[in-house]
Each structure stands twice: as structure tokens, then as C-alpha cells.
Amino acid sequence: MRTLGLGLLAGVLAWISAGCGGDDGTIVTVYAAASLSEAFEDLAEEFEAANPGVDVKLSFAGSARLAAQISAGARADVFASADIANMARVVDAGRTSAPPVLFARNRLALVVPADNPGDVTELADLVDDELVVAVCAPEVPCGALAETVLDDAGVDIDADTEEASVRAVLTKVMLGEVDAGLVYASDVAVGSDKVLAVPLGPQIRFNDYPVATVSDREVATDFVDFVLGPDGFRILWIHGFDSP
């Protein structure tokens, strides 16, 4: 059997590697909280436009789920959490390559279907047992924030459903499956004309959003720098986020 020359062999191996995705140097994998979906889709689009040949692979879910996946070894380059607690889990697991940095802030919002069938006008109305109310699970950032806001207001509710992400709560409100839901302010715009925001009054609390590189790849650092830069802030502000 004839043997391949070293140059030809190297070329074949490189072709196989490229074809199989063995070198993902132009791909940055970003794990981000579900509430960041639309904002990070726009961020990714602009980052790709500014960095030809780079593709951003986005994975959205509740911060607690993402933190568990990354801590268990899931391959990611960047993690953007909806709270500090879940980022701390990833840091404690030794999975970040640089210290987290706060990049955005979000506040709680009470939303109802556009026609407000439960006639909800304030947070205290949620104590009505006849209302069907959705919240995030306590381990999810929006769930923890909701608990704090409800405690501050002295409102004790028995939620009918606890969801794994804020978008699951929003979806139930948009579909009219519940009378009210506690989500983020940035989700109100996502709900468009299918939801109505009910003022929370003085019971306003915020979640701070940290971002960190998980891998030490240059493209991960570049993406985080983009998020923290003026273009990143502009996009986040458009989608209803505040500066930290």
C-alpha cells in the first residue's frame, strides 16, 4: 500500500478536522438566562457582523439550569446569569476563567393577559384564591426575586404553578392560561399586546446580571467585552434592561 506524503497527510487531516467541526475557533458558545433571549440574539447578530467568520451559538434556559450544566462540565465559552447566586455556583465550581462582571439590571413586573380577566390591579390582589397565578420556581432568579418582593409587600400567595424559566411564566400569561404572572420588566415588551403590566408601586426590587468567560479562548473574551461595551449597553437598554 502506498503511503501518503507528510504534507498531503497533514492536508487530509486538516480537511477532516474542519469538516467534522474539530476546530471551533470561529464559534463562541454562550449560555444565557432565558430573560436575555431577544437581547442576546441582537447582540450576537451585531457581534458576528463586527467579527466576520465568527459564529455565536446561543443556549437559553433558566440560570439555575445553565449553572448546573456548566458546573457539571458542559462546554461553554461564556455564561450570562440573571442573578449573582447562580454565577457564584459556577465560580465556586472553578469553571470561570475570569471574574464575573455586572452588565445589566432587571426589575420584577406583574403581568396579566391583555383583557385582564381576573381584574388584577395591584400586587395584593394575588391573594385571591380564585385567581390562577404563575411564578418562577424559587431556585430561578425571577422566582427568588418574586419571593422577596412579595415578602416586602406582606403578600402571601399560593401560586398555582412554578416554572423553570421566566419565559415559561410569560408564555402562560400570553396564552391566557393564568390570570397573572410575575416576570421581569424586560418581558413586558416581549409580551407585546398580549399582556398588560400592573404597577407594583414601591415594591420594586432588582436583579443584577453578571457575565463571565468560562473558557480562556480569545473569542470568549471578545464577546464579553462587546456585551460590556457601548453597543452592548445600547442593545440591552432597547430591550428594557437597566445599567447595573
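Remember, predicted model here, so these are calculated numbers, not experimental data.

**Student:** An account of the packing of aromatic side chains is needed here, citing residue identities and associated values.
**Tutor:** Each pair of aromatic rings is reported with the distance of its centres and the angle of its planes. Per the stated rule, a full pass over the model turns up seven aromatic pairs. Taken together, a centroid distance of 5.6 Å and an interplanar angle of 65° make the contact between Phe47 and Phe226 edge-to-face. With a gap of 179 residues between them, Phe47 in helix 2 (residues 37-50) and Phe226 in helix 8 (residues 218-228) connect regions that are remote in the sequence. Residue class for Phe47 comes out buried when judged on its relative accessible area of 2%.

**Student:** I'd like a description of helix 8, backed by residues and values.
**Tutor:** Of all the positions in helix 8, only Val219, Ala220, Phe223, Val224, Phe226 and Val227 are classed as buried. Buried residues in helix 8, looked at end-on, bunch into an arc of 155°, giving them a common side.

**Student:** If you had to explain a nonpolar patch on the surface to someone new, which residues and values would you point to?
**Tutor:** Taken together, the side chains of Phe233, Trp237 and Ile238 define a hydrophobic patch exposed on the protein surface, amounting to about 360 Å² of accessible area. Residue placement: Trp237 occurs in helix 9 (residues 230-238).

**Student:** Kindly report on a negative patch on the surface, identifying the contributing residues and their values.
**Tutor:** Residues Asp128, Asp129, Glu130, Glu139, Glu147, Asp151, Asp156, Asp158, Asp160 and Glu162 make up a contiguous surface patch of negative charge. Within the secondary structure, Asp160 is located in the loop between helix 5 (141-153) and strand 6 (161-163).

**Student:** Before we move on, can you summarise the pattern of salt bridges with the specific residues and values?
**Tutor:** Charged atoms that come close allow side chains of opposite charge to pair. With the rule as written, the count across this model stands at nine salt bridges. Arg167 is the partner of Glu38 in a salt bridge, and the nearest nitrogen-oxygen pair spans 2.7 Å. Taken as a pair, Glu38 in helix 2 and Arg167 in helix 6 (residues 166-174) lie far apart in primary sequence, 129 residues in all. Three or more residues joined by partner-sharing salt bridges are found here, namely Glu38, Arg167 and Asp187.

**Student:** Requested: an account of empty space enclosed by the protein, with residues and values cited.
**Tutor:** Counting across every chain of the model gives one cavity of 30 Å³ or more. What the largest cavity holds in volume is close to 60 Å³. Forming the boundary of the largest cavity are 13 residues, of which Ala34, Gly62, Ser63, Val140 and Val166 lie nearest the centre. For the lining of the largest cavity, the class distribution of residues is nine nonpolar, four polar and no charged. Mapping the lining of the largest cavity onto the domain boundaries places at least three of its residues in each of domain 1 (24-105 + 208-238) and domain 2 (108-198).

**Student:** Describe the state of the cysteines, listing the residues and the values that go with them.
**Tutor:** Counting across every chain of the model gives one disulfide. The disulfide that involves Cys136 links it to Cys142, with 1.7 Å between the sulfurs. Here Cys136 and Cys142 share a disulfide; its torsion about the S-S bond, -100°, makes the bridge left-handed. The same class applies to Cys136 and to Cys142, which are both buried.

Definitions and cut-offs
Residues numbered from 1 in each chain as written. Predicted model: local features only at pLDDT ≥ 70, side-chain atom pairs only at ≥ 80, totals over all residues. Heavy atoms only, no water. Phe/Tyr/Trp six-rings, centres within 6.5 Å; stacked < 30°, edge-to-face > 60°. Helix = DSSP H or I, 4+ residues; strand = E, 2+ residues; numbered from the N terminus. Buried < 20%, exposed > 50% of the residue type's maximum accessible area, 1.4 Å probe, protein only. Arc of directions from axis to C-beta. Patch = residues over 30% accessible without salt bridge, like charges linked within 9 Å, V, L, I, M, F, W, Y side chains within 5 Å. Areas by Shrake-Rupley, 256 points an atom, 1.4 Å probe, with all protein chains shown as cover. Salt bridge = Lys/Arg side-chain N within 4 Å of Asp/Glu carboxyl O. Lys, Arg positive; Asp, Glu negative; His and termini not counted. Charge placed at Lys NZ, Arg CZ, Asp CG, Glu CD. 1 Å grid on protein atoms, 1.4 Å probe; cavity = no way out; pocket = protein on both sides within 12 Å on 5 of 7 lines; lining within 4 Å. Points joined across faces, edges and corners; volume = space filled by probe spheres on them. Nonpolar A, V, L, I, M, F, W, Y, C, P; charged D, E, K, R; others polar. Domains from an automatic or database assignment. Disulfide = S-S within 2.5 Å.

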